[in-house]
Amino acid sequence: MDVSAAPAPSEKIGRYRWVIVSLLFAAMVINYVDRQTIGLLKPNLSKEFGWSEGDYADLVFYFQLSYAIAYLAWGKIMDKIGARWGFGIAFAIWQIAHIAHAGARGLSGFIFARMGLGVGEAGGFPGGIKAVAEWFPKKERAFATGIFNAGTNIGAIVTPLVVPGITLAFGWQMAFIVTGVAGLIWLPIWLLVYRRPREHKKLGAAELAHIEQDPADPVEKIGWAKLLTKRETWAYSLGKFLIDPIWWMFLFWLPDFLGKRYGLDLKTFGPPLIAIYLLSDVGSVGGGWLSSNLMKRGWSINAARKTTMLVCALLAVPVMFASFASNVWLAVLIIGVATAAHQGFSANLYTLPSDVFPRAAVGSVVGIGGMLGALGGMVFSKYIGKVLEDIGTYTPIFVVAGTAYLIALLVVHLLTPKMEPVKI
């Protein structure tokens, strides 16, 4: 196939780009099974090893510390070597680190394994966003991002379905080993399938033209120093700083909240967590779909993205009252809507770098934002540990969660009032 040739007028646009999204989706499922396993096992591990709330907060803190540092590096790596090898290397690191949890014999061992997991998992989203920027035109990126980001929710659903059974039958060590080894199946498939669009033999000329419909990006290399002077870099990064900690909180502390407030345990966590993350999936895909649909109707990127983000921010507000829910299923509904709102908000925030920056800078901007998001998570994890040890209630934590998205949208709007392409 001559990929440089113009497509015939009657040639139908192919859908191979959605195969790439399906692989990214699968990777995010595995990513979140690995990430959430520790949260699901928190009550059991805390009892076995005598962890305090502060000890568990430290475990999360050091994961986020390594994640923050590595996220910044992965963004640059993705820009340099591309999504195929960059994502593949990151995946291999995080799977090996996940399996290594089985060898931990105390808090320090778990911290070491979590830091390794953080280094690898930090490459997941920079790699995914880089792949979407390579394979999709701007008008489809939010929807594509929403689909692969929905894999995080499926991973969070799979975890309570799989981990309790393995743990109760064979012990917590096997929970890490079985899920880790099973996940390694993805890696060779990714390396065999993924190429840049112009290098892919299965891509038709019409689909290639569709992917490359946006104006060509400048060729010059763009360094961090130059990116840090751009308001758009800080719009994305401060948005991540404000909302990422809320998702971390849901992921690592939600089983604990359900256990303390409603008496759930490893045998009964499943249905409530599955319901919450199914709602999250609706938000992830719906948030990407809404802004993409508005753009197809003629709305500007600026209006479509921010309107969708405003809807999501308002839907998150009721989570402030989650602790007062009279029964577990009312709490599930309130929290599920908030997690759906987070995912819809995130799907649109994630597209900001590829909306306004040239492709050569997308990975680096995503890396900077991811680092700030993880730093925000580190601060918030310490706050959560302190609140739970001193007060023993999740109410102040949920109040922060309910207001973070409106503040984040305000910051994004003030720094990028028009969401126009960055002049570099």
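Where an unreviewed UniProt entry is consulted, the protein appears under the name MFS transporter, with the organism given as Caulobacter radicis. Entered under Subcellular location (unreviewed entry) in the UniProt record, the comment concerning the protein runs "Membrane".

Draft legend 1. Main features of empty space enclosed by the protein. Taken as a whole and judged by the stated rule, the model has 1 cavity of 30 Å³ or more. Roughly 130 Å³ of internal volume is contained in the largest cavity. Along the wall of the largest cavity there are 15 residues; nearest its centre are Tyr32, Phe125, Asp244, Trp247 and Tyr350. Counting residues per element, the ones that place at least two in the lining of the largest cavity are helix H1 (17-40), helix H3 (53-81), helix H7 (138-170), helix H12 (231-262) and helix H15 (328-350). Among the residues making up the lining of the largest cavity, the classes are represented as 7 nonpolar, 5 polar and 3 charged. Counting residues domain by domain, the lining of the largest cavity receives three or more from each of domain 1 (15-216) and domain 2 (222-423).

Draft legend 2. View of the nonpolar core. Counting residues in hydrophobic clusters, the biggest one holds 131 residues, and the most contacted among them are Phe250 and Tyr277. Counting residues per element, this core draws most heavily on H12, which supplies 14 residues. Domain assignment of the residues forming this core places at least three in each of domain 1 (15-216) and domain 2 (222-423). Excluding anything up to four places from it in sequence, phenylalanine 250 contacts Pro255, Tyr277, Val319, Ile335, Ala338, Thr339 and Phe398.

Draft legend 3. View of a nonpolar patch on the surface. Together, Ile77, Ile81, Trp85, Ile89, Ile93 and Val119 give the surface a local cluster of nonpolar side chains, amounting to about 460 Å² of exposed area. Secondary structure elements with two or more residues in the nonpolar patch: H3 and helix H4 (83-100). For the nonpolar patch, the leading source of residues is H4, giving 3 residues. Mapping isoleucine 93 onto the fold places it in helix H4.

Draft legend 4. Fine view of unusual backbone geometry. Even without glycine at this site, methionine 419 takes up a positive phi of about 50°. Looking at the element boundaries, methionine 419 is found in the segment after helix H18 (395-415).

Draft legend 5. Inspection of the packing of H15 against H18 at higher detail. At a minimum axis distance of 12 Å, the contact between H15 and H18 shows a crossing angle of 20°. If you check the angle between H15 and H18, you find them roughly parallel. Between H15 and H18 lies a crossing whose hand is left-handed. In this structure, H15 uses Ile335, His342, Phe345 and Leu349 to contact H18, whose residues at the interface are Phe398, Tyr405, Ala408, Leu409 and Val412. When the residues that make up the contact of H15 with H18 are grouped by side-chain class, the tally is 8 nonpolar, 1 polar and no charged.

Rules used in this analysis
- Starting afresh in each chain, residues are numbered from 1 along the sequence in its written order.
- Two thresholds apply to this predicted model, a pLDDT of at least 70 for residue-level local features and 80 or more for giving and counting side-chain atom pairs, whereas whole-chain, interface and lining totals are computed over all residues.
- By convention in this description, side-chain values take in all heavy atoms of the structure and omit both hydrogens and water.
- UniProt positions are given in the numbering used here, feature names are shortened, and annotations may be inferred rather than shown by experiment.
- A pocket here means an open set of points on a 1 Å grid, computed over the protein atoms alone, that has protein on both sides within 12 Å along at least five of seven lines. A cavity is instead a set of points where a 1.4 Å probe fits but cannot get out; residues with an atom within 4 Å of a point line either one.
- Grid points are joined across faces, edges and corners, and a volume is the space filled by probe spheres set on the points.
- Strands here are runs of E lasting at least two residues and helices are runs of H or I lasting at least four, both read from the DSSP assignment and numbered beginning at the N terminus.
- Classes in brief: Ala, Val, Leu, Ile, Met, Phe, Trp, Tyr, Cys and Pro nonpolar; Asp, Glu, Lys and Arg charged; the others, Gly included, polar.
- What counts as a domain boundary in this text is fixed by an automatic or database domain assignment.
- We call a set of buried residues a nonpolar core when its members are Ala, Val, Leu, Ile, Met, Phe, Trp, Tyr or Cys and they connect through side-chain atoms within 4.5 Å of each other.
- Relative accessibility thresholds used throughout: buried, under 20% of the residue-type maximum; exposed, over 50%; partly exposed, between the two (1.4 Å probe, protein chains only).
- Two residues form a contact once any of their heavy atoms are found within 4.5 Å.
- Residues enter a patch when their relative accessible area is above 30% and they make no salt bridge; the linking distance is 9 Å between like charges and 5 Å between nonpolar side chains (Val, Leu, Ile, Met, Phe, Trp, Tyr).
- Each accessible area is a Shrake-Rupley result for a 1.4 Å probe, and residues are judged covered by the shown protein chains and nothing else.
- We define a salt bridge as a side-chain nitrogen of Lys or Arg found within 4 Å of a carboxyl oxygen belonging to Asp or Glu.
- In this analysis an axis means a line fitted to C-alpha atoms, helices contributing only their contacting stretch, and an angle means the value between N-to-C directions, from 0 to 180 degrees.
- For this classification, under 35 degrees means roughly parallel, over 145 means roughly antiparallel, 65 to 115 means roughly perpendicular, and everything else is oblique.
- In a left-handed crossing the near helix is turned counterclockwise from the far helix by less than a right angle, and in a right-handed crossing that turn is clockwise.

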